[in-house]
Amino acid sequence: MARIGTTARGEFLAGCRDEAPLLLGVAPFGMIYGIAALAAGVPAWLAQLASAVVFAGAAQLVIVQMLAAGAGFVPIALTSGLLNLRHVLYSASMAEYVRHLPRRWRLLLAYVLTDEAYAVAVLRYQRREDDKRAPAHDLRHWYFLGAGFTLWAGWQLSTAAGLLFGATIPAEWELDFAVPLTFIALLTLLLRERAGQAAALTAALGALAFAALPYKLGLVAAIVLGLAAGAWTVRRLERAR
């Protein structure tokens, strides 16, 4: 990870630089979404708009897959909502670092708070040598913005590539591998936090315990249990301070 900068521009560029390697996994992920959206009958302009406004890769992919399967509004809304509950844990983790910022900054950073941006930004905030810096001189939110912007731009471009060239991509390339690999890579970063460790362990045990449930409800149960364990760990650590 790049050294902490002393200017807003330096922090922003450092965030862009540290986020860039993760685009190797995001690019095929975005292309898969673009291809799946077209296959589900979603107009190209709407699929691209969703990437710009919703900006939630896993949820977008699940939505278009469920649309292709003929699922109704309520199941789609519930599934995508549960899938995005993990952002509650991200928000709880980042709140202490950004609470001093103006509302406009908090709203902007909330928009770019995705899995990959969080994984990079939270490590920047956790660097001990910078913890004593006064909020007025803390420019790490520019780093957060740089990481989020890099991911946002990469997601828009990869979505557009999937929409434009998806039909010409050979089936033997099997781009689907990018989705699990992306989240596995993020998991190795997030396991450095106690909350992440608790969430991952609980979710893994829950997935095994409820594997026999129909309609893959075991995964939903595992997500809820993992989020609960992570949120509980965050609150416990805050009380201990």
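Residues numbered from 1 in each chain as written. Predicted model: local features only at pLDDT ≥ 70, side-chain atom pairs only at ≥ 80, totals over all residues. Heavy atoms only, no water.

A. Molecular detail of the packing of aromatic side chains. Applying the stated criterion across every chain yields a total of 7 aromatic pairs. Aromatic side chains Tyr 33 and Trp 155 sit 6.1 Å apart centroid to centroid with 25° between the ring planes, which places their arrangement in the stacked category. Taken together, the residues Tyr 33 in helix 2 (residues 23-39) and Trp 155 in helix 9 (residues 140-165) connect sequence positions 122 residues apart. Under the relative-accessibility criterion, Tyr 33 is labelled buried at 2%. When the centroid spacing of 4.9 Å and the interplanar angle of 75° are considered together, the rings of Trp 105 and Trp 142 count as edge-to-face. Of the two residues, Trp 105 is situated in helix 7 (residues 103-111) and Trp 142 in helix 9; the sequence distance between them amounts to 37 residues. In textbook terms, an aromatic cluster arises when at least three aromatic residues are bridged by ring pairs, as seen for Phe 29, Tyr 33 and Trp 155. (Phe/Tyr/Trp six-rings, centres within 6.5 Å; stacked < 30°, edge-to-face > 60°. Helix = DSSP H or I, 4+ residues; strand = E, 2+ residues; numbered from the N terminus. Buried < 20%, exposed > 50% of the residue type's maximum accessible area, 1.4 Å probe, protein only.)

B. Structural detail: helix 1 (residues 8-19). Its 12 residues place the ends of helix 1 17 Å apart at the C-alpha level, agreeing with the 16 Å of an ideal helix rising 1.5 Å per residue. Listed as buried for helix 1 are Glu 11, Ala 14, Gly 15, Cys 16, Asp 18 and Glu 19. On its buried face, helix 1 is in contact with helix 2, helix 8 (115-125) and helix 9. (Expected span 1.5 Å × (residues − 1). Contact = heavy atoms within 4.5 Å.)

C. Structural detail: the nonpolar core. In terms of nonpolar packing, the biggest core is built from 18 residues, with Tyr 33, Ala 37, Ala 47, Leu 61, Val 64 and Trp 155 touching the most fellow members. Among the elements of the structure, helix 2, helix 4 (57-68) and helix 9 are those that each provide at least two residues to this core. Considering every element that reaches this core, the biggest residue donor is helix 2, with 6 residues. (Core = buried A, V, L, I, M, F, W, Y, C linked by side-chain atoms within 4.5 Å.)

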